[in-house]
Amino acid sequence: MNKIIKSLLTIFTLLLAVLFIGCTKEPDVVNVSEITISGQTTMKVGEQQTLTFEVKPADATEKGVLWSSSDDAIATVSDAVVTALAAGEVTITVNSKDGKATNSFKITIEEVKEEITAETIKTKLQSTYDAYIKANKAAVKLSIVNGESTLDTRLSFEKEQGLYKALAFDQSGAQEAGVYVKDSKVYMNANGTKQKYDLDELENETLVNNYGIVALLNKAVSFYNENAFFAALTLTSQEDNVYTFELDIAKYNGSVINVNGKDKIELIVTLVEEEISVVTLKVAEGTVVNSITTEYLGFNDAIVYPNDLSDYN
């Protein structure tokens, strides 16, 4: 009898186990339906920010997300932390791990603009001068105003192994002159007298010494290397990319600039994409304002010749 009861109890226990196991309900899977993102839409190169995001619904079964950047060279992202590396536009994308939702966030990365001071301008001026005098191809323009007299000089050249392959030196205003190199010939126009020579090493040296970029710029930009000039210089105004500095005449103890009798001396610098484009040194003495303006025209400027080279003898 006990055996029968034990057997019945065992069967009953098994039936209960089967019954309860059979009735256990798997929990419902709740998929992610939406991911929201917020943050700064602009950043500077070198900055970091952590994007704020929210996974909805709050009771989603899998709330994990995966981050990616459209261009890792511009910005990277890891666990919502964005690191700006270079200027440009980048799209940060987030995907739910369950693959049910995605969202993206665009960020514009901007270059960090250098603070312009007398010291940084000094460095830029020196760097620009060095680049032009070392270039095998470049163009500059120098404009001098002295009272009612003006003199404009434009130089464009191309060198190969130290020899001029092409050159155009045009001067107008108080003095008219033209010197050109084309097809291994030198063409010179001085006050209407036109002459032509073969270009050799000796003639090339003469051109470099008298009509080269160093000869043209040296007097105009001699203050570039004078520490005393920049030590007495103060930024007084900025409009767009034009920076105006004023020289403290009483403080200046250099020798490059003649400050005797001068009322005001200004350095006006124009930057294009943070590179030196135009530099003007303006000197006021009473109502008379004299100036020297240097325009750096780049390294790919076309060399233009006069139409009458065939008239040179």
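The coordinates are above.
Residues numbered from 1 in each chain as written. Predicted model: local features only at pLDDT ≥ 70, side-chain atom pairs only at ≥ 80, totals over all residues. Heavy atoms only, no water.

Observations concerning the overall build of the protein
Phase 1 of the analysis: Per the secondary structure count, the protein includes five helices and 20 strands.
Phase 2 of the analysis: In summary, the protein has a C-alpha radius of gyration of 37 Å against a globular reference of 20 Å for 313 residues, an excess of more than 25%.
Phase 3 of the analysis: A principal-axis box enclosing the C-alpha atoms of the protein has dimensions of 140 × 55 × 25 Å.
Phase 4 of the analysis: Contacts spanning at least 24 positions in sequence make up 49% of the contacts within the protein whose residues lie at least 6 apart.
Phase 5 of the analysis: With an accessible surface of roughly 18,700 Å², the protein has 49% of that area assigned to carbon and sulfur atoms.
Phase 6 of the analysis: On the protein, the mean spot of the 27 positive side-chain charges and the mean spot of the 45 negative ones are 7 Å from each other. (Helix = DSSP H or I, 4+ residues; strand = E, 2+ residues; numbered from the N terminus. Rg over C-alpha atoms; globule rule 2.2 N^0.38 Å. Contact = heavy atoms within 4.5 Å. Areas by Shrake-Rupley, 256 points an atom, 1.4 Å probe, with all protein chains shown as cover. Lys, Arg positive; Asp, Glu negative; His and termini not counted. Charge placed at Lys NZ, Arg CZ, Asp CG, Glu CD.)

Points about the packing of aromatic side chains
Phase 1 of the analysis: By the definition in use, this model includes eleven aromatic pairs.
Phase 2 of the analysis: Plain terms: the ring middles of F229 and F230 are 5.1 Å apart, the flat faces sit at 85 degrees to each other, and that makes the pair edge-to-face.
Phase 3 of the analysis: On the basis of relative accessible area, F229 is assigned to the buried category, the value being 0%.
Phase 4 of the analysis: With a relative accessible area of 5%, F230 lands in the buried category.
Phase 5 of the analysis: Grouping aromatic residues by their ring pairs yields a cluster made of Y129, F223, Y224, F229 and F230. (Phe/Tyr/Trp six-rings, centres within 6.5 Å; stacked < 30°, edge-to-face > 60°. Buried < 20%, exposed > 50% of the residue type's maximum accessible area, 1.4 Å probe, protein only.)

Looking at the sheet that holds strand 7 (residues 81–84)
Phase 1 of the analysis: The antiparallel open sheet is built from three strands, whose spatial order is 3-7-6. Bordering the open sheet on either side are strand 3 (48–50) and strand 6 (75–78), each of which pairs with just one other strand. Within the sheet, the average angular offset between the axes of one strand and its neighbour, ignoring direction, is 20 degrees. (Pairing = 2+ DSSP bridges. Axes fitted to C-alpha atoms, helices over the stretch in contact; angles between N-to-C directions.)

Description of the nonpolar core
Phase 1 of the analysis: Ranked by size, the top nonpolar core spans 48 residues in total, and within it L125, F223, F229, L267, V279 and Y296 carry the most contacts.
Phase 2 of the analysis: Per-element accounting of this core gives the leading share, five residues, to helix 2 (residues 118–134). (Core = buried A, V, L, I, M, F, W, Y, C linked by side-chain atoms within 4.5 Å.)

Observations regarding the sheet that holds strand 9 (residues 102–110)
Phase 1 of the analysis: Pairing within the open sheet is mixed, and its four strands lie in the order 2-9-8-5. Each having just a single partner strand, strand 2 (42–44) and strand 5 (65–69) make up the two edges of the open sheet. On average, each strand axis in the sheet is inclined to that of its neighbour by 30 degrees, with strand direction left out of account.
Phase 2 of the analysis: Inspection of the sheet shows strand 5 paired to strand 8 (residues 88–96) by five bridges, in the antiparallel sense. Of the residues in strand 8, the one forming a bridge with L66 is N95.

Description of helix 3 (residues 201–211)
Phase 1 of the analysis: Of the residues making up helix 3, those classed as buried are E203, N204 and L207. Mapping the buried residues of helix 3 onto a view down its axis gives an arc of 105 degrees, with all of them on the same face. Opposite the buried face of helix 3, at more than 90 degrees from it, the exposed residues are E201, L202 and N209.
Phase 2 of the analysis: Buried residues belonging to helix 3 abut strand 12 (163–173), strand 13 (177–182), strand 14 (185–190) and strand 15 (193–198).
Phase 3 of the analysis: Two or three places before L202, at the opening of helix 3, D200 has a side-chain oxygen 3.2 Å from that residue's backbone nitrogen. (Arc of directions from axis to C-beta. Polar contact = N/O pair within 3.5 Å; in protein donor to acceptor, adjacent residues only side chain to side chain.)

Describing the side chain of N189
Phase 1 of the analysis: Along the chain, the position of N189 falls in strand 14.
Phase 2 of the analysis: Reaching out from N189, the side chain makes a polar contact with the backbone nitrogen of G192 at a distance of 3.1 Å.
Phase 3 of the analysis: Ignoring anything within four residues of it in the chain, the contact list for N189 reads E176, A177, G178, K194 and Y312.

Things to note about the pattern of salt bridges
Phase 1 of the analysis: Counted by the stated rule, this structure contains seven salt bridges.
Phase 2 of the analysis: Measuring nitrogen to oxygen at the nearest pair gives 2.4 Å for the salt bridge that ties K194 to D308. Of the two residues, K194 is situated in strand 15 and D308 in the segment after strand 20 (288–298); the sequence distance between them amounts to 114 residues.
Phase 3 of the analysis: For K194, a relative accessible area of 27% puts it in the partly exposed group. (Salt bridge = Lys/Arg side-chain N within 4 Å of Asp/Glu carboxyl O.)

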